[in-house]
Amino acid sequence: NDAGRIYDRFRDRIVFPIRDRRGRVIAFGGRVLGDEKPKYLNSPESPVFHKGRELYGLYEAKRANRHLERLLVVEGYMDVIALAQAGITYAVATLGTATSTEHMERIFRTVPEVVFCFDGDEAGQKAADRALLNTLPVMSDGRQARFLFLPTGEDPDSLVRSIGAEAFLDRAQGAKPLEEYLFTSQSATLDLATMEGRATLSKKVLPLLQELPAGVFRELMFQALADRAGIELESLRKLAANEPRRSGASAPAEQDTSPAITDESAQVTSPARMSVRPPVDATSPPPQHVTGEAGGSSVDATLIQAALALLLHKPSIAQLVEPHMLKELEGREGEILIAVIELLHARPDSTTGMLLGHWHSTPEGELLTELAGQERLIPAEGIEAQFDDIMRKLTTRPLRQRIVREIEGLKSLPFDKLTADDKIRLPELIRALRDLDARSLPAGDQQL
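The rules behind these values
Starting afresh in each chain, residues are numbered from 1 along the sequence in its written order. The model is predicted, so local features are restricted to residues of pLDDT at least 70 and side-chain atom pairs to those at 80 or more, both for listing and for counting; the totals for chains, interfaces and linings are taken over all residues. Each side-chain value is worked out from all heavy atoms of the structure, with water and hydrogens disregarded. Runs of H or I in DSSP of at least four residues are treated as helices and runs of E of at least two as strands, each being numbered from the N terminus. The contact criterion used throughout is that any non-hydrogen atoms of two residues lie within 4.5 Å. A patch consists of residues exposed above 30% relative accessible area that lack any salt bridge, with like charges linked at up to 9 Å and nonpolar side chains (Val, Leu, Ile, Met, Phe, Trp, Tyr) linked at up to 5 Å. Here the open area of atoms and residues is found with the Shrake-Rupley method and a 1.4 Å probe, where only the protein chains shown may cover a residue. Here a salt bridge means any side-chain nitrogen of Lys or Arg lying within 4 Å of a carboxyl oxygen belonging to Asp or Glu. Think of it in three bands: with a 1.4 Å probe and only protein chains considered, a residue is buried below 20% of the maximum accessible area for its type, exposed above 50%, and partly exposed in between. As used in this record, nonpolar core signifies buried Ala, Val, Leu, Ile, Met, Phe, Trp, Tyr and Cys residues forming a set joined through side-chain atoms within 4.5 Å. Here the positive residues are Lys and Arg and the negative ones are Asp and Glu; neither His nor the chain ends is included. Note that the charge is assigned to NZ on lysines, CZ on arginines, CG on aspartates and CD on glutamates. Strands pair, by our definition, only if DSSP identifies at least two bridges between them. Stacked, tilted and edge-to-face are the three classes applied to pairs of Phe, Tyr and Trp rings, where Trp contributes its six-membered ring and a pair requires centres within 6.5 Å; stacked means planes under 30 degrees apart, edge-to-face means over 60, and tilted covers the rest. Whenever a helix is involved, its axis is fitted only over the stretch in contact; in every case the axis is a line through C-alpha atoms, and angles between N-to-C directions fall within 0 to 180 degrees. With a 1 Å grid laid over protein atoms only, a set of points is called a cavity when a 1.4 Å probe fits there but cannot get out and a pocket when it is open yet has protein on both sides within 12 Å along at least five of seven lines; lining residues have an atom within 4 Å of a point. Grid points are joined across faces, edges and corners, and a volume is the space filled by probe spheres set on the points. For classification purposes, angles smaller than 35 degrees are called roughly parallel, those larger than 145 roughly antiparallel, those between 65 and 115 roughly perpendicular, and all remaining angles oblique. Two helices crossing with the near one rotated counterclockwise from the far one by less than a right angle form a left-handed crossing, whereas a clockwise rotation gives a right-handed crossing. Just so you know the grouping, Ala, Val, Leu, Ile, Met, Phe, Trp, Tyr, Cys and Pro go in nonpolar, Asp, Glu, Lys and Arg go in charged, and all remaining residues, Gly too, go in polar.

J.: Lay out the overall build of the chain with the relevant residues and their values.
T.: Helix and strand content of the chain: 16 helices and 10 strands. Of the contacts made within the chain by residues no fewer than 6 positions apart, 69% connect residues no fewer than 24 positions apart.

J.: How would you explain a nonpolar patch on the surface if you had to name every residue and give the values?
T.: Where nonpolar side chains cluster on the molecular surface, the patch consists of Val-15, Val-25 and Phe-28 and spans about 230 Å² of accessible area. Residue Phe-28 is classed as partly exposed on the basis of its relative accessible area, which comes to 37%.

J.: Explain the nonpolar core residue by residue, including any values.
T.: With 67 residues, the main nonpolar core has Leu-71, Leu-72, Phe-116, Phe-147, Phe-168, Leu-178 and Leu-182 as its most contacted residues. No other element matches helix H9 (residues 216–229), which puts six residues into this core. Non-local contacts of Phe-168, meaning those with residues more than four positions away in its chain, are made with Leu-72, Leu-83, Ile-88, Cys-117, Leu-150, Pro-156, Leu-159, Val-160 and Ile-163. Listed in part, the 31 residues of the second largest apolar core include Leu-303, Leu-368, Phe-387 and Ile-390.

J.: Lay out unusual backbone geometry with the relevant residues and their values.
T.: The residue Asp-12 is not glycine, and still its phi comes out positive at about 60 degrees. Along the chain, the position of Asp-12 falls in the segment before strand E1 (13–19). Classification of Asp-12 by relative accessible area gives exposed; the value is 64%.

J.: Requested: an account of a positive patch on the surface, with residues and values cited.
T.: Positive charge collects at one region of the surface, where Arg-21, Arg-22, Lys-62 and Arg-109 lie side by side. Mapped onto the elements, Arg-109 comes out in helix H3 (residues 101–110).

J.: Describe the sheet that holds strand E7 (residues 144–149), naming the residues involved and giving the relevant values.
T.: Strand order across the open sheet formed by five strands is E5-E4-E6-E7-E8, with mixed pairing between neighbours. Strands with a single pairing partner mark the edges of an open sheet, and in this sheet they are strand E5 (91–93) and strand E8 (176–177).

J.: Explain the packing of aromatic side chains to me, using residue names and the numbers behind them.
T.: Each pair of aromatic rings is reported with the distance of its centres and the angle of its planes. All told, the structure shown has nine aromatic pairs when counted by the stated rule. Judged by centre distance (4.6 Å) and plane angle (25 degrees), the rings of Phe-147 and Tyr-181 are stacked. In this pair, Phe-147 is assigned in strand E7 and Tyr-181 in helix H7 (residues 178–186), connecting sequence segments 34 residues apart. What makes Phe-147 buried here is its relative accessible area of 1%. Taking the relative accessible area as the measure of exposure, Tyr-181 reaches 2% and is therefore buried.

J.: Can you explain the sheet that holds strand E2 (residues 25–32)? Please cite residues and give values.
T.: The antiparallel open sheet is built from three strands, whose spatial order is E1-E2-E3. Sheet topology places E1 and strand E3 (40–42) at the edges, where each strand pairs with a single neighbour. In this sheet, neighbouring strand axes are inclined to one another by 25 degrees on average, regardless of whether the strands run parallel or antiparallel. For E2 and E3, the ladder comprises three bridges, and the chain directions are antiparallel.

J.: Go over empty space enclosed by the protein, please, and point to the residues and values.
T.: Tallying each qualifying case throughout the model produces two cavities of 30 Å³ or more. Considered as a void within the structure, the second largest cavity measures approximately 30 Å³ in volume. Forming the boundary of the second largest cavity are Arg-19, Asp-20, Arg-21, Glu-54, Leu-55, Leu-58, Tyr-59 and Arg-106.

J.: Requested: an account of the packing of helix H4 (residues 122–135) against H7, with residues and values cited.
T.: Closest axis-to-axis distance for the H4/H7 pair is 11 Å, and the angle between their directions is 120 degrees. Comparing the axis directions of H4 and H7 gives the class oblique. As H4 runs across H7, the sense of the crossing is left-handed. Within the contact between the two elements, H4 uses Gln-125, Ala-128, Asp-129, Leu-132 and Thr-135 and H7 uses Leu-178, Tyr-181, Leu-182 and Ser-185. Residues of the contact of H4 with H7, tallied by class, amount to five nonpolar, three polar and one charged.

Structure, rendered in structure tokens:
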């Protein structure tokens with residue numbers, strides 16, 4: 001700790017290794033043996049571990065099931081292990097946090113169906129509501145989410161031991177589909193036989209439906225609400241057009257506005273104030289053919305276009321980065337960068353002409369052609385170093401933003417409201433942020 005003394009972070013806890021999707025141990029989690037709080041404690045955040053993104057047991061589930069079709073999300077490590085012992089090998093658990101949209105994106109990249117398993121008490125209901133809100137933005141057509149509530153006093157561990165795996169799976173098979181849970185949970189206290197009840201239902205559900213991505217499922221959900229409210233679908237659409245998005249809903253950001261984080265010994269600068277030195281002419285406006293419409297910031301878009309320009313000039317530098325390292329990039333530019341790097345990994349002998357030919361007569365090809373035309377602005381040497389610097393910035397920005405948010409959340413609390421673990425975690429987060437910023441600097445700018 002800061003006083004130079006060593007302490008056992010996981011004292012009096014059962015320790016579980018936490019693996020990434022490739023099976024590498026990236027952190028540890030500890031569960032108390034008694035009734036102490038917190039019930040679960042994880043390793044500190046680091047560049048390779050963020051508890052709000054990882055799922056315990058995901059690697060093992062993929063290993064145990066060659067054709068994995070669904071995941072069962074439970075509360076903790078012990079539930080995952082108990083279900084695996086009973087032969088249910090596709091359970092995963094969040095790491096002591098609520099199910100997040102990041103979790104759901106990872107789950108749906110792996111399987112098309114998820115079943116949430118919650119306790120039947122008030123806490124379980126609240127957890128289900130949070131899972132619902134964070135699932136809606138990623139419910140594209142072809143994806144399924146269902147909600148299973150256990151009897152009061154039971155958890156997956158105790159229930160599977162008492163009724164057996166087959167009966168447990170029967171309950172999971174009968175779990176409520178997302179659409180059923182959404183409407184029943186939002187209308188639980190309403191009398192839909194009255195106009196007031198139906199109007200209130202529309203008011204509550206409309207902002208939720210607007211979180212759904214465009215597609216058939218979204219259209220069917222609007223139709224289902226229109227039927228329940230007893231109004232015409234077109235009238236409902238007009239109401240939706242004037243309905244604000246729900247509080248806290250994510251929206252594309254024009255720029256990174258995260259505040260600077262300071263402590264007594266250091267000041268950490270926001271990414272929006274960091275010096276970005278793309279290899280293309282910084283005074284030239286970026287091409288406008290493809291924009292970050294899916295959610296990426298303008299800072300990311302500029303960096304990504306700079307990386308693409310370098311790749312077009314020297315395709316072999318794609319081998320400096322693995323495609324999976326860029327999985328959190330957003331927006332069309334991010335998708336193009338990942339696709340280009342994946343192609344260059346699959347065909348390392350590709351030339352600039354082959355890349356342009358692959359995307360010929362597409363919007364992506366128009367962007368690549370324009371970037372290729374900026375070749376005169378590419379530096380004559382140091383391309384590998386500049387590409388590496390850009391990749392370092394792009395891969396560390398999402399983690400940095402999450403750490404900043406967590407620090408701000410802790411700093412917003414009165415000191416007497418901080419738990420002992422909060423007081424340990426805050427300086428750990430600040431140090432992690434400082435280390436992350438040091439690593440994101442170009443190699444020549446890092447202090448030795």
